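# Observations on chain architecture
The residues making up each chain are set out below.
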Amino acid sequence: MNGMTRVPVREQDPKVRAANFEEVCLGYNGEEAKEEAMRCLHCPNPLCVKGCPVSIDIPGFIGKVKEGDVAGAYAVISESSALPAICGRVCPQESQCEGKCVRGIKGDAVAIGKLERYVADTAREMGIRPQPSTEKKGQKVAVIGSGPSSLTCAGDLAKLGYDVTIFEALHKAGGVLVYGIPEFRLPKEAVVEKEIENVKALGVKIETDCVIGKSTTIDSLMEDEGYDAVFIGSGAGLPKFMHIPGEQALGVFSANEYLTRSNLMKSFSPDSRTPIMHPKKVAVVGGGNVAMDAARTALRLGAEVHIVYRRSEEELPARREEVHHAKEEGVIFDLLTNPVEITEDENGWVNGIRCVRMELGEPDASGRRRPVEIPGSEFVMEVDGVIMSLGTSPNPLISSTTKGLEINRRACIVAQEEDGATTKEGVFAGGDAVTGAATVILAMGAGKAAAKGIDEYLTKKRA
């Protein structure tokens, strides 16, 4: 194969996968992975590593793949990442490691994410698991939440010899990995649960059904239960809405609720006890990865699905791969379209969404061109379901029950980027609870930085 072109990855046929919840991407086999690994130039100054928020030694692990040494490749990745099978599937490599790849200047970047996935999946099949630390620091750390930032922080601290307990509000660990990302992108039993088992193998304990701020508080954990430090990685699960007329109508969902019903409670399965609405025609308002997930889920449940987004395709914040897959499966994109009202029938159920056409004006503060309404362009799209996917913010429960913990105007916890330290001594934070909704790998990077900060803080306490 031409070294400028990446080895194609196998996928389910779009017409087949649009009717099932099995994983879309089938990944590389050993031969394909070796062939793709051969494309790596092993640059003396690897920019791909600088593009990785957790600084994986990318040339190092790819070199092991070339040699057919999966165990060695997994060991290299594990030095920096606790969740390689997850990252290989859902991280936006095109704007991070692969976006920096020198191969990408004149051809295709090396498929770093697909190679990471191959290594993690193959290592799991071989029964390779991380080993717990033999060192014991004798200090306890509480980790709030069990999403990617928390799992990373907990795993890194356990490797250093700390006694770590994760407190998770839901009945299953994983945070957004289990409730937010669909099965067809990230299998739960085969991938997420196995990655969490690997974190537990390091010695991390996980307590589910524990709502911090209700079941107990951070102050109580530190003052009454003897925890020496706390990391808050509780995510951003509070959905945002447009506050337009009709938004309270029956048949209007937040993407959070809709996806949680499907992903966590498996409502797509006939055996599930959790109901989910099966509308015939759905408007999904928004253009990010969560909007694509909600749209593709509704499609699999039998609906005609429209993405309604006020800017053009160029401004869609979703990954190109997710947009491509959505289009292949039959999702319809109504771009430069903005909802102004949700209409309802005499029984209070959604029967339409009133929209206006938009055009792009001058760039706004984000650098994207500002959408401007076209006068006289109003129209009604007949739908019987609306899913609002407009972003999320942190739940204020923890901040409102923790003395001395400062938040900003967006209700995000104020924490230092370099070490996760908050305004309350001994309390650190990272991930979406600090930044608002972002990516899995950025949350992991924050968890990694906080683990380092906690280690430095507790080392000083021991001195």
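Just so it is clear, the model here is predicted, and its values are computed rather than measured. (Residues numbered from 1 in each chain as written. Predicted model: local features only at pLDDT ≥ 70, side-chain atom pairs only at ≥ 80, totals over all residues. Heavy atoms only, no water.)

### Considering a negative patch on the surface
Taken together, the side chains of Glu207, Glu223, Asp224 and Glu225 present a region of like negative charge at the surface. Inspection of the secondary structure assignment puts Glu225 in the loop between helix 12 (218-223) and strand 6 (229-232). Take Glu225: its relative accessible area is 36%, and that puts it in the partly exposed class. (Patch = residues over 30% accessible without salt bridge, like charges linked within 9 Å, V, L, I, M, F, W, Y side chains within 5 Å. Areas by Shrake-Rupley, 256 points an atom, 1.4 Å probe, with all protein chains shown as cover. Salt bridge = Lys/Arg side-chain N within 4 Å of Asp/Glu carboxyl O. Lys, Arg positive; Asp, Glu negative; His and termini not counted. Charge placed at Lys NZ, Arg CZ, Asp CG, Glu CD. Helix = DSSP H or I, 4+ residues; strand = E, 2+ residues; numbered from the N terminus. Buried < 20%, exposed > 50% of the residue type's maximum accessible area, 1.4 Å probe, protein only.)

### Looking at the pairing of strand 11 (residues 332-335)
Each regular strand shows side chains that alternate between the opposite faces of the sheet. Two strands pair when backbone bridges link them, and strand 10 (residues 304-309) and strand 11 are joined in this way by 4 bridges, in the parallel orientation. Paired with Val308 across the two strands is Asp334, which belongs to strand 11. Once the chain exits strand 10 it traverses helix 15 (residues 320-329) before rejoining the sheet at strand 11, and the crossover so formed is right-handed. (Pairing = 2+ DSSP bridges. Right-handed = clockwise from strand over helix to strand, strands pointing away.)

### Description of the side chain of Thr216
With respect to the helices, strands and loops of the structure, Thr216 is situated in the loop between strand 5 (205-207) and helix 12. Polar contacts involving the side chain of Thr216 include one to the side chain of Ser220, which spans 3.5 Å. Ignoring any residue separated from it by four or fewer positions in sequence, one finds Thr216 in contact with Cys210, Val211, Leu221 and Glu225. (Polar contact = N/O pair within 3.5 Å; in protein donor to acceptor, adjacent residues only side chain to side chain. Contact = heavy atoms within 4.5 Å.)

### Points about the sheet that holds strand 18 (residues 427-429)
As summarised here, the arrangement of the 5 strands in space is 5-4-3-6-18, forming an open sheet in which the pairing is parallel. A strand with exactly one partner marks an edge of an open sheet, and here the two such strands are strand 5 and strand 18. In this sheet, neighbouring strand axes are inclined to one another by 20 degrees on average, regardless of whether the strands run parallel or antiparallel. Two elements, strand 6 and strand 18, share 3 bridges in a ladder whose sense is parallel. Across the sheet, the residue bridging to Ile232 is Ala429, located in strand 18. Along the sheet face, helix 18 (residues 440-462) touches strand 3 (140-144), strand 6 and strand 18 and points at about 170 degrees away from the line of strand 6. (Axes fitted to C-alpha atoms, helices over the stretch in contact; angles between N-to-C directions.)

### Structural notes on the environment of Gly72
Along the chain, Gly72 turns up in helix 5 (residues 70-78). Residue Gly72 is classed as buried on the basis of its relative accessible area, which comes to 14%. In sequence terms Gly72 and Asp156 are 84 residues apart; their C-alpha atoms lie 19 Å from each other.

### With respect to the packing of aromatic side chains
In this structure the tally under the stated criterion is 5 aromatic pairs. Ring centres 6.1 Å apart and planes at 50 degrees place the aromatic pair Phe21 and Phe184 in the tilted group. On the criterion of sequence distance, the pair formed by Phe21 in the loop between helix 1 (14-17) and strand 2 (25-27) and Phe184 in the loop between helix 10 (176-179) and helix 11 (188-201) is long-range, its members being 163 residues apart. Here Phe21 and Phe184 have matching classes, each one buried. Against the face of Tyr162 rests Lys137, its NZ or CZ located 5.2 Å from the ring centre. Residue placement shows Lys327 over the ring face of Phe333; its charged tip is 5.7 Å from the ring centre. (Phe/Tyr/Trp six-rings, centres within 6.5 Å; stacked < 30°, edge-to-face > 60°. Lys NZ or Arg CZ within 6 Å of the ring centre and 35° of its normal.)

Keep in mind these numbers describe shape, not what the thing actually does.
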